[in-house]
Number of protein chains: 2
Amino acid sequence: MKDILLVLTKTKPHQLERIKQLAVDYDVLTVDEIDENDGERVKIIYGWNRSEDVLAFIKTCVNVSWVQATSAGVDYLPENIKNNADVFVTNVSGIHAIPISETVFAYILGTYRNLFYSAKVQANNVWDVPDPNSFHSLTGKTMLIFGAGNIGEEIARIAKAFRMHTMGVNTSGKDRAFFDQMYALDKSFSAIGQADFVINALPATELTNDLYDKPFFNAMKDSALFINIGRGQAVVEEALIHALEEDLIAGAYLDVFKKEPLPSDSPLWQTKNLLITPHFSGVVEHFRDEIFPIFEENLINFIEKKEPTKNIVRSERGY
Amino acid sequence: MKDILLVLTKTKPHQLERIKQLAVDYDVLTVDEIDENDGERVKIIYGWNRSEDVLAFIKTCVNVSWVQATSAGVDYLPENIKNNADVFVTNVSGIHAIPISETVFAYILGTYRNLFYSAKVQANNVWDVPDPNSFHSLTGKTMLIFGAGNIGEEIARIAKAFRMHTMGVNTSGKDRAFFDQMYALDKSFSAIGQADFVINALPATELTNDLYDKPFFNAMKDSALFINIGRGQAVVEEALIHALEEDLIAGAYLDVFKKEPLPSDSPLWQTKNLLITPHFSGVVEHFRDEIFPIFEENLINFIEKKEPTKNIVRSERGY
């Protein structure tokens with residue numbers, strides 16, 4: 001009996017053909033083609049599926065060698081896969097950098113140029129000119145980005161094009177492209193008060209839980225904007241609500257939350273100067289086309305050399 | 001009796017001091033300090049004022065040699081000034097390029113990343129995820145910009161940073177920085193159907209009246225966005241309304257209109273997929289600081305060489 005390559009993500013017909021071409025020694029099966037007794041034969045999983053049926057089946061897959069996730073974070077994977085030294089986990093980190101960066105600038109520019117305001121009041125049919133002092137330009141402003149990986153770097157690259165000053169934070173404080181200045185996380189507090197924008201692009205690790213708390217928001221300029229497109233657990237939501245309601249900061253944008261979907265009774269929905277989006281900042285325009293080349297390259301290497309090479313998740317860092 | 005330098009724009013105290021320092025042979029007077037009999041002594045006007053009193057006074061200023069406007073367009077100046085070969089008119093063209101470009105990208109990104117949608121539905125306290133196919137990225141998209149002066153060039157520069165293809169239109173079709181391709185206005189029709197974004201950044205001249213008409217919108221992609229941050233008279237508003245309501249194009253943003261303020265009974269206010277702002281795309285964050293160096297340089301040259309040198313309006317082209 002052949003090993004199984006289980007395809008759990010939507011895949012275009014020509015992509016499925018290509019997989020079968022490469023993985024000739026495998027049975028390439030989609031979720032509908034699987035038999036519940038096949039679990040032990042599953043060697044490779046492409047994508048994931050959180051339905052109960054599929055999760056129950058995956059529990060029987062005790063011989064998996066490699067999971068190609070179709071997300072950047074993999075905290076949703078079961079322990080016996082993500083913390084198993086015998087299982088490779090690869091992600092698609094990188095493909096979300098561009099859409100997330102574009103979403104960050106959509107928020108910043110929409111706020112600085114009063115377009116959210118105009119979009120809202122247009123329904124009134126009134127020529128409603130905001131106070132000239134409420135218009136700002138990115139030129140010369142300072143952006144502080146926590147997380148200088150793919151996402152942080154793409155945001156910094158665009159910030160430089162807008163003639164901004166860029167400061168970044170990572171574990172080491174080591175230099176990165178497009179950042180004028182880097183700080184180590186444990187030495188970054190002094191940078192907060194210089195920033196017109198603070199952006200969380202850190203992955204979810206224990207180090208970053210509740211990083212953005214009351215002292216943090218107190219240290220920000222009252223004209224500054226806070227943006228979280230990283231992970232929800234990094235923000236103390238009550239502290240952010242307090243900072244916004246008391247005008248300690250000028251505005252915020254959250255795409256991720258401690259609990260998702262954000263419950264309808266959360267006070268965040270109605271917090272002043274806060275924009276909420278339902279964890280969509282990284283949605284990619286042609287998702288299947290973007291992720292497939294990553295899987296394809298890994299598959300070629302897995303077959304030839306028994307291991308994937310691209311975007312291997314280092315589980316000891318939690319991402 | 002000294003000639004008068006009449007200051008009609010808001011000027012900071014230290015700027016007024018500097019003017020007096022430079023123009024020692026002039027009486028430097030603000031609008032409150034003028035006597036109604038002083039008209040014939042006015043040689044230089046800095047800024048403009050559309051109140052009836054001031055306009056009546058300006059009619060008596062028959063010896064004006066130079067008007068430094070604090071706008072880019074000067075179509076509001078009276079004929080005896082703007083079409084008088086003995087009067088220099090200078091504008092502040094250039095300072096609006098950055099805020100206008102930022103406003104254009106605020107609209108494009110806000111639309112492509114669904115932030116206007118989320119800002120609107122947030123009031124419902126519902127985790128409302130738009131269709132994944134409604135998310136787009138600027139990468140690889142094509143922008144067609146009519147007008148390749150300061151404003152068009154700044155928009156193209158940012159477009160290149162977002163990895164876009166840029167096409168520009170000017171009178172000659174001559175190459176310009178940050179444009180991958182240039183078209184002469186009379187040969188530009190074939191470019192329209194290639195564009196994901198069409199932007200009007202042309203000044204108001206007779207050539208561009210009603211340039212964006214029914215055949216123009218018909219030639220656009222149905223997925224494309226139209227943006228007017230140039231002049232209102234360039235757009236046939238009925239044709240645009242038709243194109244939007246019939247989904248011939250995907251969306252539009254207008255900052256300028258045939259009649260301003262846009263009357264409250266205009267059907268534009270409630271047109272589908274149209275964002276309206278009250279002619280504010282060029283509002284500069286520190287206006288008085290941005291315009292003063294232009295006036296200062298011109299004043300030095302006017303005093304020394306009897307003519308200003310920066311941003312002289314060529315009246316034969318209408319701007």
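Basis of the calculations
- Residues numbered from 1 in each chain as written.
- Chains lettered and ligands numbered in written order.
- Predicted model: local features only at pLDDT ≥ 70, side-chain atom pairs only at ≥ 80, totals over all residues.
- Heavy atoms only, no water.
- Helix = DSSP H or I, 4+ residues; strand = E, 2+ residues; numbered from the N terminus.
- Buried < 20%, exposed > 50% of the residue type's maximum accessible area, 1.4 Å probe, protein only.
- Contact = heavy atoms within 4.5 Å.
- Areas by Shrake-Rupley, 256 points an atom, 1.4 Å probe, with all protein chains shown as cover.
- Lys, Arg positive; Asp, Glu negative; His and termini not counted.
- Charge placed at Lys NZ, Arg CZ, Asp CG, Glu CD.
- Pairing = 2+ DSSP bridges.
- Axes fitted to C-alpha atoms, helices over the stretch in contact; angles between N-to-C directions.
- Least-squares fit on C-alpha atoms with pLDDT ≥ 70 in both.
- Parallel < 35°, antiparallel > 145°, perpendicular 65-115°, else oblique.
- Nonpolar A, V, L, I, M, F, W, Y, C, P; charged D, E, K, R; others polar.
- Core = buried A, V, L, I, M, F, W, Y, C linked by side-chain atoms within 4.5 Å.
- Salt bridge = Lys/Arg side-chain N within 4 Å of Asp/Glu carboxyl O.
- Phe/Tyr/Trp six-rings, centres within 6.5 Å; stacked < 30°, edge-to-face > 60°.
- Lys NZ or Arg CZ within 6 Å of the ring centre and 35° of its normal.
- Domains from an automatic or database assignment.
- Buried area = accessible area lost by both parts, 1.4 Å probe.
- Polar contact = N/O pair within 3.5 Å; in protein donor to acceptor, adjacent residues only side chain to side chain.

- Naming follows an unreviewed UniProt entry, where chain A appears as Hydroxyacid dehydrogenase of Fundicoccus culcitae.

**Notes on the overall build of chain A**
Thinking step 1. Each helix and strand in chain A was counted, giving 9 helices and 12 strands.
Thinking step 2. Taking the principal axes of the C-alpha coordinates as reference, chain A spans close to 70 × 50 × 35 Å.
Thinking step 3. Looking at the 319 residues of chain A, the share that counts as buried comes to 53%.
Thinking step 4. Expressed as a percentage of contacts within chain A between residues at least 6 apart in sequence, the contacts between residues at least 24 apart total 58%.
Thinking step 5. A total accessible area of about 14300 Å² is found for chain A, and carbon and sulfur atoms account for 49% of it.
Thinking step 6. Side chains of chain A carry 31 positive and 44 negative charges; the gap between the two charge centres is 5 Å.

**Regarding the sheet that holds strand β5 (residues 88-90) of chain A**
All names here are of chain A.
Thinking step 1. If you walk across this open sheet you meet the 5 strands as β2-β1-β3-β4-β5, and the pairing is parallel. A strand with exactly one partner marks an edge of an open sheet, and here the two such strands are β2 (26-30) and β5. The mean angle between the axes of side-by-side strands here comes to 15°, regardless of whether they run parallel or antiparallel.
Thinking step 2. Note: strand β1 (residues 3-7) against β2, 5 bridges, orientation parallel. Paired with Ile4 across the strands is Asp27, a residue of β2.
Thinking step 3. The sheet strands contacting helix α1 (residues 13-22) are β1, β2 and β3 (42-46), and the helix crosses β2 at an angle near 160°.
Thinking step 4. In the packing of helix α9 (residues 287-305) onto the sheet, contacts are made with β1, β2, β3, β4 (66-68) and β5, and the angle to β4 comes to roughly 165°.

**Remarks on the relation of the copies chain B and chain A**
Thinking step 1. The two copies are related by a screw operation: chain B maps onto chain A through 180° of rotation and 0.0 Å of translation along the axis, at an RMSD of 0.1 Å. Such a combination of turn and shift is consistent with a two-fold rotation axis. Of the C-alpha atoms belonging to chain B, the one lying closest to the rotation axis is found on Ala106 of chain B, 2.7 Å away.
Thinking step 2. Of the residues that chain B buries at the interface, 100% are likewise interface residues in chain A, meaning the two copies contact each other through the same surface.

**With respect to the pairing of strand β10 (residues 225-228) of chain B**
Residues and elements named next belong to chain B.
Thinking step 1. Judged by which residues are buried, β10 turns out to be covered on both faces: Leu225 and Ile227 on one side and Phe226 and Asn228 on the other are all buried.
Thinking step 2. Pairing geometry for strand β9 (residues 197-200) and β10, over 4 bridges, is parallel. Considered in β10, the bridge of Val198 is made with Phe226.

**A look at the packing of helix α1 (residues 13-22) of chain B against helix α9 (residues 287-305) of chain B**
Each pair of packed helices can be summarised by the angle the axes make with each other and by the distance between the axes.
Residues and elements named next belong to chain B.
Thinking step 1. In contact at an axis separation of 10 Å, α1 and α9 are set at 5° when each is read in the N-to-C sense. Overall, the two elements α1 and α9 adopt an arrangement that is roughly parallel. The segment α1 lies against α9, with Gln15, Arg18, Ile19 and Leu22 engaging Arg288, Asp289, Phe292, Phe295, Glu296, Leu299, Ile300 and Ile303.
Thinking step 2. In the contact of α1 with α9, the residues fall into 7 nonpolar, 1 polar and 4 charged.

**Some remarks on the nonpolar core**
Thinking step 1. Formed by 66 residues in total, the largest nonpolar core has its most connected members in Phe105 and Met143 of chain A together with Phe105 and Met143 of chain B.
Thinking step 2. Residues within four places of Phe105 of chain A in sequence aside, it is in contact with Gly110, Leu138, Met143, Ile155, Ile158, Ala159, Phe162 and Met164 of chain A together with Leu109 of chain B.

**Thoughts on the pattern of salt bridges**
Thinking step 1. Tallied over the entire structure, the rule returns 28 salt bridges over all chains.
Thinking step 2. Salt-bridge contacts for Asp247 of chain A lead to Lys272 of chain A; the nearest nitrogen and oxygen are separated by 3.0 Å. Within this pair, whereas Asp247 of chain A is found in the loop between α8 (237-245) and β11 (251-254), its partner Lys272 of chain A is found in the loop between β11 and β12 (274-276), the two being separated by 25 residues in sequence.
Thinking step 3. Given the relative accessible area of 32%, Lys272 of chain A is considered partly exposed.
Thinking step 4. With a closest N to O distance of 2.3 Å, Glu153 of chain B and Arg176 of chain B form a salt bridge. Of the two residues, Glu153 of chain B sits in helix α6 (residues 150-161) while Arg176 of chain B sits in the loop between β7 (165-170) and β8 (181-184), which places them 23 residues apart along the sequence.
Thinking step 5. A relative accessible area of 32% places Arg176 of chain B in the partly exposed class.
Thinking step 6. Salt bridges sharing common partners tie together Asp27, Asp38 and Arg41 of chain A.

**Looking at the sheet that holds strand β1 (residues 3-7) of chain B**
Residue and element names in this part refer to chain B.
Thinking step 1. With parallel pairing, 5 strands are arranged side by side in an open sheet as β2-β1-β3-β4-β5. This sheet does not close on itself; its edge strands, each paired only once, are β2 (26-30) and β5 (88-90). This sheet shows a mean twist of 15° between the axes of neighbouring strands, independent of strand direction.
Thinking step 2. Where strand β4 (residues 66-68) and β5 come together, 3 bridges link them in parallel fashion. Paired with Trp66 across the strands is Phe88, a residue of β5.
Thinking step 3. Its contacts with the sheet place α9 against β1, β2, β3 (42-46), β4 and β5, and it is angled at close to 165° to β4.

**Quick word on the environment of Ile294 of chain B**
Residues and elements named next belong to chain B.
Thinking step 1. When you line up the elements, Ile294 lands in helix α9.
Thinking step 2. Accessibility expressed as a relative area gives 7% for Ile294, which makes it buried.
Thinking step 3. Placed 17 residues apart in sequence, Ile294 and Asn311 show a C-alpha to C-alpha distance of 8.1 Å.
Thinking step 4. With near-sequence residues (within four places) excluded, Ile294 lies in contact with Gln68, Asn91, Val92, Ile95, Lys310 and Asn311.

**Comments concerning the packing of aromatic side chains**
Geometry of an aromatic ring pair is reported as the spacing of the ring centres plus the angle between the planes.
Residues and elements named next belong to chain A.
Thinking step 1. Tallying each qualifying case throughout the model produces 34 aromatic pairs over all chains.
Thinking step 2. Each ring, one from Tyr212 and one from Phe216, has its centre 4.9 Å from the other, and the planes form 80°; the classification is edge-to-face. For the pair Tyr212 and Phe216, a shared accessibility class is recorded, and that class is buried.
Thinking step 3. Among the aromatic residues, those joined into a ring-pair cluster are Tyr46, Trp66, Phe292, Phe295 and Phe302.
Thinking step 4. Lying across the ring of Tyr76, Arg50 places its NZ or CZ 4.3 Å from the centre.

**Concerning the domain arrangement of chain A**
All names here are of chain A.
Thinking step 1. The domains assigned to chain A are domain 1 (3-94 + 285-317) and domain 2 (97-276).
Thinking step 2. Distance from the C-alpha centre of domain 1 to the C-alpha centre of domain 2: 34 Å.
Thinking step 3. Taken residue by residue, the interface counts 5 residues in domain 1 and 5 residues in domain 2.
Thinking step 4. Both sides of the domain 1 and domain 2 interface together cover about 380 Å² of buried area, and 31% of this is carbon and sulfur.
Thinking step 5. Note that Asp75 and Arg231 form a salt bridge whose closest N and O atoms lie 3.8 Å from each other.
Thinking step 6. For the pair domain 1 and domain 2, the interface holds 2 residue pairs in polar contact (both at pLDDT 80 or more).
Thinking step 7. For the side of domain 1 that touches domain 2, the residue count by class is no nonpolar, 3 polar and 2 charged.

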